[in-house]
Each structure stands twice: as C-alpha cells, then as structure tokens.
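Residue-level listing of the chains:
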Amino acid sequence: MTLENQLIKKTFYETLMEANEKNPVRVLGEAFLAGHKDQTADISTIRFAQGEVYFHHKDYEAAIFKWENVHNDLEPWAKKNIADCYHEIGQLSTAEEIYKSINTESSVLQSEVALQLFSLYIDQGKLEKADQVIKKAVSFNPDYPNVTDIARAFFEKHKDWKSAIELAVNEAVRTESDHWFDILKTYAEQGLTKIFEPHYFSKCLAVLYRVDQTRFEQIVQALWNSYKNERSYFSWLKEFNHLFFNLDASREQSWKELSELYQETYFELIDGKYLIKELDEIIPNILTNWLKIADDSHALFASAAVLAWSEKFPSSISSEVVNAAENLIFHSRNETDGLEYSLTLFDSIVKWAEAQHVDPGHRFRWIIRELVDFEAHHLVVAGTSGNGKSAFINSVLGENIQTAPTSSAIVFKGDDETEIRKISDEELTTFSSFHEFQEAVDRRLNKDFDNTIVEFSLPSPILQENRLVLMDTPGFSDRNDMEEALKYLHFADSLLFVLDANDPFTEQEQEILMLIREYAPNLSIHFLLNKIDEIYDEQEAAEIIEDTRSRVRAYVPQARVFAYSSRLRSRKQQNDLAEFLKNLSRPIAEDDRIEKILIFIRQLINHLLDKRAEMENSLADSIKWNEEMVAKLGGAIHQLTDLKEEKARIIKRTFHKVLEEIRSDLSENIPKILRESSDLIREDSDFRKIHLELNDEMNRRVHAYVNDKVLPKLYHSLQEWILTANDELHHCQSFLDEICDGFNAMYGEERLKLNCDFKVLDDWRRDADRMTSGVQMEKVNIFLRRTPYQILLKSAGKLFGAFQQNNAMLYNKYKQFVENQDYLDVTESIVNKLLLQFELFEKALERDISIFFRNPFDVLNQTVEETKKEINEKEEELEKMRSNPETYRDPLTLFEVKLRQYEWIAISAKRVLQV
C-alpha cells in the first residue's frame, strides 16, 4: 500500500509498528516517550500516527489534540484529518472552514479534501455547493479513483442531465472508454441528449468513429432518434451529415442500421410535410452519405433516390455521386415490394390532397383499384371511326349495347348482375336505366369528350370465363380523339386494333399505330380484321387477311390478326373468337402492372397541379361573380326601397282620401242635423227643461246618423281601400317573385325566398271591422254650453216658463237660436273624436307596410352580408395561395421525386432481367 493510500485510510500508524504487534496505543506511547528523550526524533510523525489510532477508536478530541501538534510535512494531512473529526462529531461549519483552509500541492490530498467537502455539503443539503465542488474535483483530477462515478451518481440522482451528459461526453473523449460511450448512448436512448445542440456531440462522435465503428453506429442511431420531431432535428441532420461526409466510411464496412436510418429519414422528409427550401441544404448530403454506406438491402433505394433527386434538382449532387448511383443501381439486389411502395405513395398523395381540401378524384382511385386486380386482363378495343368497333363489342357481349359512337371510355366487366356506374373526378353515380346510359355516352348527343369512365358490369360468359375486362374508347377521328383514347392505354394489358376489311391498315391507321407504340412501347398489340363478310370472294378474303397480317407485322412482329364478322353469329366464329381472346389474356406480370400504377400516379400529380390552377381561377371567378351579385343585390334593395315608398305613398294617400271624404260628410251633415233638431221645440214645450231635451235629442240624432249612415259608408270605403291595397301589395309580391327567380337562376339553387308578410292585410281587415262595427259616442255638450246667449235663453226659460203667456216669445227665440247656429266647434269636436282611431290607424300604415316588406329586406341584406363574408374569405384564401404557392407545389414536387425513384427501381429491375 502506498503512503498516500495509508494517509487516506488513516493507517499510516501501521508503518511504525512491528509485525504481529496488536497494541498500537502502547507501541506509539513508548515511541512518543522515547522521542522525548531523543531530541533528534520526529515527534510530529508519532503524534500524527497516534491521532489516527484515536480517530479509529472515535476519541475525536484526543485525535484533534494530537493532529493540532503536527508540524512537519504531514501537517496538511493532519489538518484534513482534524476537519474529518469535526465532520464526524457534527460540527460541519468548523469542518468546512478547516477543509477550505488547507493549502497543498498534493493532487491526492486536494482530491480527498474536495470529496470530503462534497460529502459535507450533501449532509448540509447545500446541493449547489456540492455540485460546484464535485465538478471542480473532476476538472482538476478526473483520474482520481471514483471521482467521475461519484459525480455521475450525484448528477443522475438529482436529474441534472446537462451535467451528467457533459461529464459523459468529456470522459468519453478523454478516456476513449467504451464505458462512457455506452453511458452516453443510454442518455440518448432516453431522449435526454436533445437538450444540447447537435454540434456539441461532433467531436465525441469523431473520436468514437476512430475507436469503435459499431458503437459509433449505435450512438448515432440513438442521437438521431432523440432529435427526431424536435426543433433541432434539421440542425442534427446538417451537423451529422457534414461530419460523416468527412469520415472515410464506405460500403466495405457494415452500416446496416445507419443505412436503414437514412432510408427512413429520406422517405419521411419527402413525404409532403416540408418545403423544398427547408430540404435543399439537407437532402443532397443525406443522399451522398447514404449512397456511400448503403448495404445490399438499401443500395437500390439509395442509388434510385440519388438519381431521382439529381434529375429534379440538377447540380445539387456532385456528378461523381450521380455516376456512382448509375453504376450501382443496375448491380443492386432488388428485393423491394414495388407494389406496396407504389400503393403507399398513391395513398400518401390522396391523403395529402384531401388535407388540402382538393379532391383527387374517384377516377384515379378506380383505376388503381382495377390495376391491383392481377386476375383480370384489361383489353382496350381501339380503332378509327366507322370500322365497326361498336358492332364487334356488341357481338362479343351478346347484347346490342353500343348503338352509337361513344364519347366516354366504357369498361365492360363480367358479373352476375347488371350495373352501370359513371366514374368521374367529381363523383361516382349509378345510372338508373339503360336509356340514361345511352344518352350519357352517345357521341352524337355529347359533342365534347367526357373525362369519365363508365363501368358496365353485366353477365357475360366470354368475359367471366376469361377474366377479361373490355374497354371501349372514343374512335380515332382527329388528334383530340387520340388524346382521349391515349389516356387509358396504360390501363391496358393488351390492345385490340380494329381494322375494316374493305380498306385495312390505312396510312392514317399506320400513323395512329406508330403514335400508340411511341406512347406505350411495351403494350401488346393485336388486330381484328372486321367486316370480313363483306368480301364475297373467299380467295380474295384470304389474300386480304394474309396481306394485312404481313403489313401489320412489319410494325408489330408478334401481332396476331383475327378475321371477324360482327353480322355472322356462327358457332365456329364464336369459338374461334373465344380462343383468340383467351390467347390474348396472357398472365399479368406484376412489374408491368406496377409500371402502369406509377404512370397513373404521375397523371394524378399532374392532375393535382392543374387543380391548383383551377382552384385559383375558380376563386378569382367566384370573387368576381360574388362582387357582381353584391352589386345586383344592392340594386334589388334600392328597387325594393323605391317600391316600398311608392306603395306606402299610394296606400296612405288612398286611405287619407277616404278619411277626408268622411270628414267632409260629417262636417256638412252634423250642423244640418243639429239645426233640424229645432222641430223638437213647440209652443207648449216646457221651456224650463227644453235645453236639456234639445241637448239629448241632438246627441241621439248625431249618434244615429254616425252609426246608421256614416259607419256603413266608411266600412264600404275601407273595404274598397283594402282591395286596392291588396292589389298593390300582391303586385309587389309578383315583382319580388320575379327578382327571386332571377337571382335563384343565377345561384343555380333555391337560395332566396322573398315572401312578404300578408298578415298585414288580415290585420287591416280586422281593424276595419272593429272601427266600423259601431261606436259608443260620449254625449257632447251641444246646447248646454255657457255662451252668453245660451245662458240668457236658459235663464229666461226658467224665469218665464211657468207663465203660459210667455211661451210664444220663448218658442220663437229658441227656434230662431237653434236654426241659426253654425255649430262649427261642436262639429269639429265630434268629427275629431270619431276619426281619432282612424287617424291613429293611418299613422301606423307606414310601420305596417315596413312590416310587410321586412322579410324581403332581411333576406336581401343577409344575403349581401353572407356574400361579402364569402368574398372576404375567398380573397384571403386566394391571397394565401398566391403568396405561398410553394406550400402546395413543393409537396407535389417531392411526391414526384419519390415517384421517379420508384420508376428508377422499376427500370433497374427490367435491366437486371435483361442482363
């Protein structure tokens, strides 16, 4: 045991004892006495040893006393031991002060003091100081036994992952020890390392690559996965690929896990979630490194990815790397499931499109589903117009289905039940009748070709027995027809070109054939020589058949030519046809179908790119159309406002005229009635009460006149007024119905309903009945008024009425007074009271007419607001689309890159097979 180990363990005293001596107290006591006698002896050394013995016997006070009197080169250790004693007896602050006062050049002692301080701070709960002192101890002397393990345990216990990871990285770089690299890998696998920026690990990874490439791959994988889905993921990809690019890695080494990781990452990055500007600095390095280390199971994908990316983004990858990919791709083992990858790509595009609120279309879904059916052989029947193609198809199906040239692609499939469906980009519908189907596909009724597929399922032995799917295309009459038919050539497993035996294989048909071969070079093409029955000479017919066969094989050497008559239904011809079709239905090669699926995926991508332009144009058109509708709706609102004001003016004026007539009648006749009341006065009247009798009679006569004559007349006038108002308001409704029909025609739906509130008329009728059904008039003070003359008459009547001889004089005076009064005030009062409710009704007409028009106004104004809101929403959407076109375009570009990668894989498979 070395001296430093003895000092650490406090066993230095053993060096002063003889072998087999078991009583150190006695031995050291005797030595101490001998030392006192010998002036040259080192008493401090003996005291130091005695202190150790006392310490082990927990006599800390004696130990402290002994160590305080050590004054030689052991003094720093003695001070450290004194602090240990205070630590043991719980005087922690004293112990801390002594530890910190020790000044020594011994790295061992310094480390021990640090560890003791660390332990002391733990006991005190001073974790921050403990952290500082242990980090200092590691930094000063990391090789000191257990110091790094103690530090790691402390950091992990208190979840100080930053410090723990820093310790692991530093020790891994310093010691190049598997132990520390494994610890770092564990942290990475737990996701703890992502708190550091990726560049922090570069030096550590470079060291590990040199030391142990297997562990390098493992820790890279752990770090890679920890950064995935984190903000710093792209930083990791940039940093690591820059580091790895400069390392001498190659396919000579085994990089299976890393190669797999590259493949997963590459596919994730180009899955439509990121923009190209985010990837243009990352993907080239990823592909370069991937190709450099790709193992056999990934070499094909890596090389295809490099070629696909470099084609789309020239100069992004060095020519040396591209050349290496070209050499590698045709020497790689192809163990990929091309069908699965292709269908996954298709599904990814469809899901992405749906997330963008763009319908990828039922047509593409239907085509892909059909192509996946490897049991069915797709035979496309094509040819120029007038060659009897439809008649041939009818004869095959055994039904007169095709009565005219078709404007759509029609797919005939054998099934137990008959069902006809229309598959378009927008919808999938079922025809309700055969007649409806014929109208939909008749070329004579549909001048433009319909971009749809009609799926016609029917019981057909020849289709069912041969698992044959027959597709009829529009006839080839011009370039547009060709383009429509060429769309579906890649749907075909083979093509049957129908020729007219009267003029077979014309120059036009030769040009069409060349175009088909150019468009689908691998398509199996055969020929049907139709209308052979029109050649009456058998020898001539045989010569035509042989000549046609010779001519078509100059273009298509493997082509078969079958002579056929759609008119003749002989059993032999039908058997020969069945055999011919059976021979055409060769087994389906999966590679061929995958190639077709990839072609239609490319068409889907182009379709979605076109959809984007259509969406922008549609939004712009919709905004413009809605703005025009707002203007039209505003015009309608102005028209309705003018109409309301006009009708209100007419209806109010007509009602006011009725009231004025009644007012005039009352003003003219009430004074007459009151004057005529003089016939009540006779010479024998009791002039003491005559004024009361006159007042009552006048009120009675006025009331009778109002109820018997005025109100019936007024009722009749109001009914006529209501009829007039009814006509006017219904005219308004008719006008609004015309407006409504016009707007709904423009909207293409029953969006507006401008119904007025005719309950207003019912309210008017009810009010008219109520107001004219009779009135209870209050008695009016007509003859009891306190005018001077009336007072005089009443006084005279009371004074002289008792004397008979005065009656004649009173009679004349009363009669003269009643007949000569104008009664204007009384008449005006009666008329005002009588017509008050009618005047109130008249004032409410404006409100009632507004109620009548309220719903149309509400509907029009609400429609204007909804349209303006729609305009704003579409303007925002259009602005977003135009300001960030890459958010739509870039994902499709990346899908196209992935598609091109699969195309390269398909090409390599064929080249390998050819080799």
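Everything quoted here is computed from the prediction, not taken from an experiment. (Residues numbered from 1 in each chain as written. Predicted model: local features only at pLDDT ≥ 70, side-chain atom pairs only at ≥ 80, totals over all residues. Heavy atoms only, no water.)

What follows covers the overall build of the chain. When its secondary structure is counted, the chain shows 35 helices and nine strands. Taken against the 2.2 N^0.38 rule, which gives 29 Å for 915 residues, the C-alpha radius of gyration of the chain at 56 Å runs more than 25% over that of a compact globule. Per-residue burial for the chain yields a buried fraction of 50% across its 915 residues. The contacts of the chain with a sequence gap of at least 6 include a subset with a gap of at least 24, amounting to 77%. Total accessible area computed for the chain in this model is approximately 45500 Å², and 48% of it derives from carbon and sulfur atoms. If the 111 positive side-chain charges of the chain are averaged to one point and the 159 negative ones to another, these points end up 7 Å apart. (Helix = DSSP H or I, 4+ residues; strand = E, 2+ residues; numbered from the N terminus. Rg over C-alpha atoms; globule rule 2.2 N^0.38 Å. Buried < 20%, exposed > 50% of the residue type's maximum accessible area, 1.4 Å probe, protein only. Contact = heavy atoms within 4.5 Å. Areas by Shrake-Rupley, 256 points an atom, 1.4 Å probe, with all protein chains shown as cover. Lys, Arg positive; Asp, Glu negative; His and termini not counted. Charge placed at Lys NZ, Arg CZ, Asp CG, Glu CD.)

This part is about the side chain of His87. The topology assignment puts His87 in helix α5 (residues 75-88). Not counting residues within four places of it along the chain, the set of residues in contact with His87 comprises Leu92, Ala95, Tyr99, Gln116, Ser119, Leu120 and Asp123.

Let us now look at the environment of Tyr555. Within the secondary structure layout, Tyr555 lies in the loop between α27 (538-553) and β9 (561-563). Once you skip the residues sitting within four places of it in the chain, Tyr555 turns out to touch Phe505, Gln510, Leu513, Met514 and Arg517.

Take the packing of aromatic side chains next. For the structure on display, the rule yields 53 aromatic pairs. Note on Trp224 and Tyr262: the rings are 5.2 Å apart at their centroids and 85 degrees apart in plane angle, and the pair reads as edge-to-face. With a gap of 38 residues between them, Trp224 in helix α13 (residues 213-227) and Tyr262 in helix α15 (residues 256-269) connect regions that are remote in the sequence. Tyr262 matches Trp224 in its accessibility class, with the two residues each being buried. (Phe/Tyr/Trp six-rings, centres within 6.5 Å; stacked < 30°, edge-to-face > 60°.)

With six of its six residues buried, strand β5 (residues 453-458) lies for the most part within the structure. Alignment of strand β2 (residues 409-414) against β5, held across six bridges, turns out to be parallel. Paired with Val411 across the bridge in β5 is Glu455. Bridge count between strand β3 (residues 419-423) and β5: five bridges; the pairing is antiparallel. For Lys422, the partnering residue across the bridge sits in β5 and is Val454. (Pairing = 2+ DSSP bridges.)

Turning next to helix α31 (residues 759-772). An α-helix turns once every 3.6 residues. As a result, residues three or four positions apart point the same way. Compared with an ideal rise of 1.5 Å per residue, which puts 14 residues at 20 Å, α31 spans 20 Å between its outermost C-alpha atoms and is within 8% of the ideal. Of all the residues in α31, the buried ones are Val760, Leu761, Trp764, Asp767, Ala768, Met771 and Thr772. Around the axis of α31, the buried residues are gathered within 125 degrees of arc, so they sit on the same side. Contact partners of the buried residues in α31: α29 (590-676), α30 (690-747) and α34 (824-883). One or two positions beyond α31, positive phi appears at Gly774, with a value near 120 degrees. (Expected span 1.5 Å × (residues − 1). Arc of directions from axis to C-beta.)

Here we take up the sheet that holds β9. Taken together, nine strands build an open sheet; the order of strands is β4-β3-β5-β2-β6-β1-β7-β8-β9 and the sheet is mixed. A strand with exactly one partner marks an edge of an open sheet, and here the two such strands are β4 (428-430) and β9. The average undirected angle you get between the axes of adjacent strands in this sheet is 25 degrees. As paired strands, β3 and β4 are joined by three bridges and run antiparallel to one another. Bridge pairing in β4 links Ile423 to Leu428. Most of the contacts of helix α23 (residues 434-441) go to β5, to which it runs at about 150 degrees, and overall it touches β2, β3 and β5. Together, β7 (494-500), β8 (524-530) and β9 form the strand contacts of α27, whose direction differs from that of β8 by roughly 160 degrees. (Axes fitted to C-alpha atoms, helices over the stretch in contact; angles between N-to-C directions.)

In this section: the environment of Arg560. Its location among the elements puts Arg560 in the loop between α27 and β9. Sequence separation between Arg560 and Gly125 is 435 residues, and the spatial gap between their C-alpha atoms is 95 Å. A polar contact of 3.3 Å, which involves the side chain of Arg560, links it to the backbone oxygen of Asn583. (Polar contact = N/O pair within 3.5 Å; in protein donor to acceptor, adjacent residues only side chain to side chain.)

On inspection of all chains with the given rule, the structure shows zero disulfides. This cysteine, Cys740, is not joined by any disulfide, and Cys756 carries the nearest cysteine sulfur, 11 Å off. We classify Cys740 as buried; its relative accessible area is 8%. (Disulfide = S-S within 2.5 Å.)

A separate point is empty space enclosed by the protein. A probe matching the size of a water molecule, rolled over the atoms, marks out where space remains unfilled. The tally for this structure, following the rule as stated, stands at two cavities of 30 Å³ or more. There is about 60 Å³ of room inside the largest cavity. In terms of lining residues, the largest cavity is bounded by Ile401, Gln402, Thr403, Ala404, Pro405, Thr406, Gln438, Val441 and Asp442. By residue class, the composition of the lining of the largest cavity is four nonpolar, four polar and one charged. Of the pockets and cavities examined, the second largest cavity occupies roughly 30 Å³. Lining the second largest cavity, in full, are Val25, Leu28, Gly29, Gln50, Val53 and Tyr54. When residues of the lining of the second largest cavity are traced back to their parent elements, those giving at least two are α2 (24-37) and α3 (43-56). (1 Å grid on protein atoms, 1.4 Å probe; cavity = no way out; pocket = protein on both sides within 12 Å on 5 of 7 lines; lining within 4 Å. Points joined across faces, edges and corners; volume = space filled by probe spheres on them. Nonpolar A, V, L, I, M, F, W, Y, C, P; charged D, E, K, R; others polar.)

Attention shifts here to α34. In this model, α34 (60 residues) spans 82 Å end to end at C-alpha, consistent with the 88 Å of a helix rising 1.5 Å per residue. Of all the bends found along α34, the most pronounced is centred on Leu836 and spans about 50 degrees. (Bend = angle between axes of the 7 residues up to and from the residue.)

Further remarks concern the pattern of salt bridges. The tally for this structure, following the rule as stated, stands at 57 salt bridges. Note that Arg701 is salt-bridged to Asp679, the shortest N-O span being 3.0 Å. Note that Arg701 is positioned in helix α30 and Asp679 in the loop between α29 and α30, a separation of 22 residues in sequence. Take Asp679: its relative accessible area is 47%, and that puts it in the partly exposed class. Note that Glu866 and Arg751 form a salt bridge whose closest N and O atoms lie 3.4 Å from each other. Residue Glu866 is found in helix α34, and its partner Arg751 is found in the loop between α30 and α31; the two are separated by 115 residues along the sequence. Under the relative-accessibility criterion, Arg751 is labelled partly exposed at 29%. Here the salt bridges share partners, and the residues they tie into one network are Glu311, Lys312, Arg602, Glu896, Arg900 and Glu903. (Salt bridge = Lys/Arg side-chain N within 4 Å of Asp/Glu carboxyl O.)

The next subject is unusual backbone geometry. Phi at Lys10 takes a positive value of approximately 60 degrees, unusual for a residue other than glycine. Checked against the element boundaries, Lys10 lands in the loop between α1 (3-9) and α2. Accessibility expressed as a relative area gives 6% for Lys10, which makes it buried. The backbone phi angle of Lys159 is positive, close to 55 degrees, even though this residue is not glycine. The residue Lys159 is located in the loop between α9 (147-157) and α10 (161-175) in this model.

Among the nonpolar cores identified, the biggest contains 262 residues, and Phe527 and Trp764 are the most heavily contacted of them. Of the residues forming this core, the biggest block, 28 residues, is contributed by α29. Counting residues in each nonpolar core, the second largest holds 29 residues, with Val396, Leu458, Leu528 and Phe562 among its members. (Core = buried A, V, L, I, M, F, W, Y, C linked by side-chain atoms within 4.5 Å.)

All right, on to the confidence of the model for the chain then. Close inspection of predicted coordinates is inappropriate for parts of the model with low pLDDT. Mean pLDDT for the chain: 87, with 94% of residues reaching 70 or above. Segment residues 786-794: pLDDT under 50, and 15 contacts once partners within four positions in sequence are set aside and those in other chains are kept. In this model, residues 796-805 is a region of pLDDT below 50 whose contacts with residues beyond four sequence positions or in other chains number 15 contacts. (pLDDT = per-residue confidence, 0-100.)

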